[in-house]
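Observations on the three-dimensional arrangement
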Amino acid sequence: MVFVTNNIENQQVFLSELERFGVNLFIKREDQIHPFISGNKYRKLKYNIFKAQEEKHDTLLTFGGAFSNHISAVAFAGKEFGFKTIGIIRGEELGNDLKNTLQQNPTLNAANKHGMQFEFVTRSDYRLKNTEEFIEKLKDKFGNFYLIPEGGTNNLAIRGCEEILKLGDESFDIVCSAIGTGGTISGIINSINKNQKVLGFPALKGDFLAKEIKKYTIQGKKWSLITDYHFGGFAKINGDLVNFINQFKLETSIPLDPIYTGKMMYGLVDLIKKGFFKKGTNILAIHTGGLQGIDGMNNYLKQKQLPLIQ
Ligand SMILES: *Cc1c(COP(=O)(O)O)cnc(C)c1O
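Attention in this report is confined to the structure presented alongside it. Model, not experiment: these values are computed from the prediction.

1. Quick notes on the environment of K84
- By secondary structure assignment, the location of K84 is in strand β4 (residues 84-90).
- Assessed through its relative accessible area of 54%, K84 is described here as exposed.
- Setting aside residues no more than four positions away along its own chain, K84 makes contact with D58, T59 and L60.

In structure tokens, the structure reads:
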């Protein structure tokens, strides 16, 4: 496999409830890049994979939660590019009965099928993942590896995300993206021109995000964070959000994921309905992918007797 991204389209979104607001809404279908290395994770891995190849590594090691899109992406990319992969996963209890865990968890199951070896760690150990001591212990155990941080964010990842916007996208006034660690939006911010502005929708409560994004971005670009649509925190969800995702798919045929793009689009539609944008505004929302997470979320929704994502 090589890193090529043909045919990533901007698709116009028509929602009946938005008609009278006169904005032009498009979505960049980065979710269609690949079923497992989807959207922004593909962008973030590209130059990291090149670097690992250059440095002649044979193993990629990274970190994530049990439903992580990043874990899913690294496992598949490792298989495609001929690396062994090791996933340090938060939650030691998941390792007690691996067979059962894999049955219950579609993300880990797919990663396992793609050859990823797991190391399940306690939540307190997981918090130490960026310390030198913890990394040294991992090196003792697994030998040498190319380390990709949690969520995949580093300078090379941001360079990859600077390739999301394409020639022709200068016609958009506003570019919207969901935010986890802030890496993706930083790449987007670096690549806009002076007439454009980026709006970021954090998928979690994160006062640290603005500072993080400043660290990675060129000064003088226009961007701001819309912090009202995290739904209580990372991976938190309610029936309202599920209904929105289902209605959106019904009307547009575009699936959204519940952790990131669903929240972003919910927020964006809400802002449009509140008259946040003047008539004629051209808006491009980035579909960063994450659809692999729907099955796992539905297992959870079933337990909570909430409506399922269709
Ligand atoms: C990981 C992820 C994000 C967040 O990207 P960051 O670079 O961590 O901000 C957004 N959307 C989807 C679908 C993701 O998987």
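Here the narrative resumes.
2. A look at the side chain of T261
- If you trace the backbone, T261 turns up in helix α11 (residues 261-273).
- On the basis of relative accessibility, which here comes to 0%, the residue T261 falls in the buried class.
- Here D257 takes part through its side chain, which lies 2.4 Å from a polar atom of the side chain of T261.
- For T261, the residues in contact, after removing those within four places along its chain, are A178, L256, I286, H287, T288 and G289.

3. What to know about the site of the ligand
- Contacts to the ligand come from 15 residues, most closely from K41, K44, T181, T184 and T288.
- In the model, an oxygen atom of the ligand is placed 2.6 Å from a nitrogen or oxygen of the K44 side chain.
- Separating an oxygen atom of the ligand from a side-chain N or O atom of T181 is a distance of 2.6 Å.
- Starting from 390 Å² of accessible surface for the ligand in isolation, the protein chains cover 98%.
- Looking at the shell around the ligand, the elements with two or more residues in it are α1 (39-54) and α8 (183-191).
- If you tally residues by element for the shell around the ligand, the top one is α1, at three residues.
- Residue classes in the shell around the ligand are distributed as two nonpolar, 11 polar and two charged.

4. A few points about unusual backbone geometry
- In this model, K56 sits at a positive phi of 60°, which is unusual for a non-glycine residue.
- Relative to the helices and strands, K56 resides in the loop between α1 and β3 (59-64).
- We classify K56 as exposed; its relative accessible area is 73%.
- Its identity is not glycine, yet Q305 carries a phi of approximately 55°, on the positive side.
- Secondary-structure assignment places Q305 in the segment after α12 (294-303).
- Of the residues examined, Q305 reaches a relative accessible area of 73% and is grouped as exposed.

5. Description of the sheet that holds strand β9 (residues 222-225)
- Pairing within the open sheet is mixed, and its six strands lie in the order β1-β2-β10-β7-β8-β9. This sheet does not close on itself; its edge strands, each paired only once, are β1 (10-12) and β9. With strand direction ignored, the average angle separating the axes of adjacent strands in the sheet is 25°.
- With five bridges connecting them, strand β2 (residues 24-28) and strand β10 (residues 282-286) associate as parallel partners. Bridge pairing in β10 places I27 opposite A285.
- Where α11 meets the sheet, its contacts fall on β2, β7 (174-179), β8 (197-202) and β10, and the angle it forms with β10 comes to roughly 165°.

6. Digging into the side chain of T252
- Tracing the backbone shows T252 in helix α10 (residues 239-252).
- In this structure the side chain of T252 is engaged in a polar contact, spanning 2.6 Å, whose partner is the backbone oxygen of F248.
- Ignoring any residue separated from it by four or fewer positions in sequence, one finds T252 in contact with Q11, V13, F14 and L15.

7. Looking at the nonpolar core
- Core analysis: the biggest nonpolar cluster contains 39 residues, and C176, F201, M265, L268, I272, F277 and I283 have the highest contact counts within it.
- Ranked by residue count, the leading element in this core is α11, at seven residues.
- In this structure, L268 is in contact with L25, C176, F201, F277, I283 and A285, ignoring residues within four places of it in sequence.
- Ranked by size, the runner-up nonpolar core spans 28 residues in total, among them I49, F76, I148 and L156.

8. Some remarks on helix α9 (residues 209-216)
- All of the buried residues along α9 are L209, I213 and Y216. Across the axial projection of α9, the buried residues extend over an arc of 65°, all falling on one side. In α9, the exposed positions angled more than 90 degrees off the buried face are occupied by K211, K214 and K215.
- In the core, the buried residues of α9 are packed alongside α7 (155-161), β7, α8, β8 and β9.

9. Observations regarding α10
- Its 14 residues place the ends of α10 20 Å apart at the C-alpha level, agreeing with the 20 Å of an ideal helix rising 1.5 Å per residue.
- Of the positions making up α10, those classed as buried are G239, L241, V242, F244, I245, N246, F248 and T252.
- Buried residues along α10 sit in contact with β1, α11 and α12.
- At the N-terminal boundary of α10, the capping side chain belongs to N238, with an oxygen 3.1 Å from the backbone nitrogen of D240.
- Following α10 by one or two positions, S253 adopts a phi angle in the positive range, close to 65°.

Cut-off values and rules
Residues numbered from 1 in each chain as written. Predicted model: local features only at pLDDT ≥ 70, side-chain atom pairs only at ≥ 80, totals over all residues. Heavy atoms only, no water. Helix = DSSP H or I, 4+ residues; strand = E, 2+ residues; numbered from the N terminus. Buried < 20%, exposed > 50% of the residue type's maximum accessible area, 1.4 Å probe, protein only. Contact = heavy atoms within 4.5 Å. Polar contact = N/O pair within 3.5 Å; in protein donor to acceptor, adjacent residues only side chain to side chain. Near = heavy atom within 4 Å. Areas by Shrake-Rupley, 256 points an atom, 1.4 Å probe, with all protein chains shown as cover. Nonpolar A, V, L, I, M, F, W, Y, C, P; charged D, E, K, R; others polar. Pairing = 2+ DSSP bridges. Axes fitted to C-alpha atoms, helices over the stretch in contact; angles between N-to-C directions. Core = buried A, V, L, I, M, F, W, Y, C linked by side-chain atoms within 4.5 Å. Arc of directions from axis to C-beta. Expected span 1.5 Å × (residues − 1).

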